[in-house]
Amino acid sequence: MATDPSIVSVESAQGKFQQTVRVGKHVFPADEPESFGGDDTGPSPYDLLLAALGTCTSMTMKMYADRKGIALEGVCIELEHSRDHVEDCTTCNNDDNRIDVIDRTITLHGDLSDQQRQKLMEIAGKCPVHRTLENRIDIHETLVQP
């Protein structure tokens, strides 16, 4: 299994959907909720995707605030994934005119001016995971025979 912190490994575990996720020295379960036939023993794949965006956003905002001496005491981010179906989608890259939507609600804590809040919201859109999700993503697959 992967011990390189830049490699994530996922392996089938118990139950219908449960997986064991390894990231460097961290090991945790992933699963689907019971409503989707899983055992709800860990976050779902979309939960993990939203968590990646939320943590990166918060870290990026905090790093910027620290660097600029902004009195940001904390960040709370809530995220939700959904799909929109539109009849005339000029930017869709799929045949069924489906757009994945992530709603991100950000609460900033601290004695901040309106200008600082506005700048921090601008910085939120520049976190690396946000940029990755907005880019075209090519996924390369390799089948390994055991």
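For every chain, the first residue of its written sequence is number 1, and the numbers climb from 1 along that sequence. Only residues with pLDDT of at least 70 are given local features in this predicted model, and only at 80 or more are side-chain atom pairs given and counted; all residues enter the totals for whole chains, interfaces and linings. Heavy atoms from the whole structure form the basis of all side-chain values; hydrogens and water molecules are not counted.

On to the overall build of the protein chain. Along the protein chain, the regular secondary structure elements total 3 helices and 5 strands. The secondary structure listing takes helices from DSSP runs of H or I that are at least 4 residues long and strands from runs of E that are at least 2 residues long, numbered from the N terminus. Along its sequence from the N terminus, the protein chain presents helices and strands in the succession β-β-β-α-β-β-α-α. Relative accessibility decides the category of a residue: with a 1.4 Å probe and only protein chains considered, values under 20% of the type maximum give buried, values over 50% give exposed, and everything between is partly exposed. Here the protein chain holds 146 residues, and the buried ones make up 25% of them. Contact criterion: two residues are considered in contact whenever any of their non-hydrogen atoms come within 4.5 Å of each other. A fraction of 38% describes how many contacts in the protein chain between residues 6 or more apart in sequence connect residues 24 or more apart. Carbon and sulfur atoms make up 49% of the accessible area of the protein chain, which amounts to about 10,800 Å² in all. Computed by Shrake-Rupley with a 1.4 Å probe, the accessible areas treat only the displayed protein chains as cover when residues are assessed.

We now examine the nonpolar core. Generally speaking, a soluble globular protein has its nonpolar side chains buried in company with each other. Grouping buried Ala, Val, Leu, Ile, Met, Phe, Trp, Tyr and Cys residues that are joined through side-chain atoms within 4.5 Å yields what is termed a nonpolar core. Of all hydrophobic cores here, the largest spans 12 residues; its members are Met61, Tyr64, Ala65, Ile70, Leu72, Ile77, Ile106, Leu108, Leu112, Leu120, Ile123 and Ala124. Elements with a contribution of two residues or more to this core: α1 (45-68), β5 (98-109) and α2 (114-124).

Here we take up α2. Taken residue by residue, α2 has Leu120, Ile123 and Ala124 as its buried positions. Along α2, the residues classed as buried sweep out an arc of 105° about the axis, all on the same side. Away from the buried face of α2 by more than 90 degrees, exposed residues Asp114, Gln115 and Gln118 are located. The elements touched by buried residues of α2 are α1, β5 and α3 (128-134). The directions from the helix axis to the C-beta atoms are what the arc is built from.

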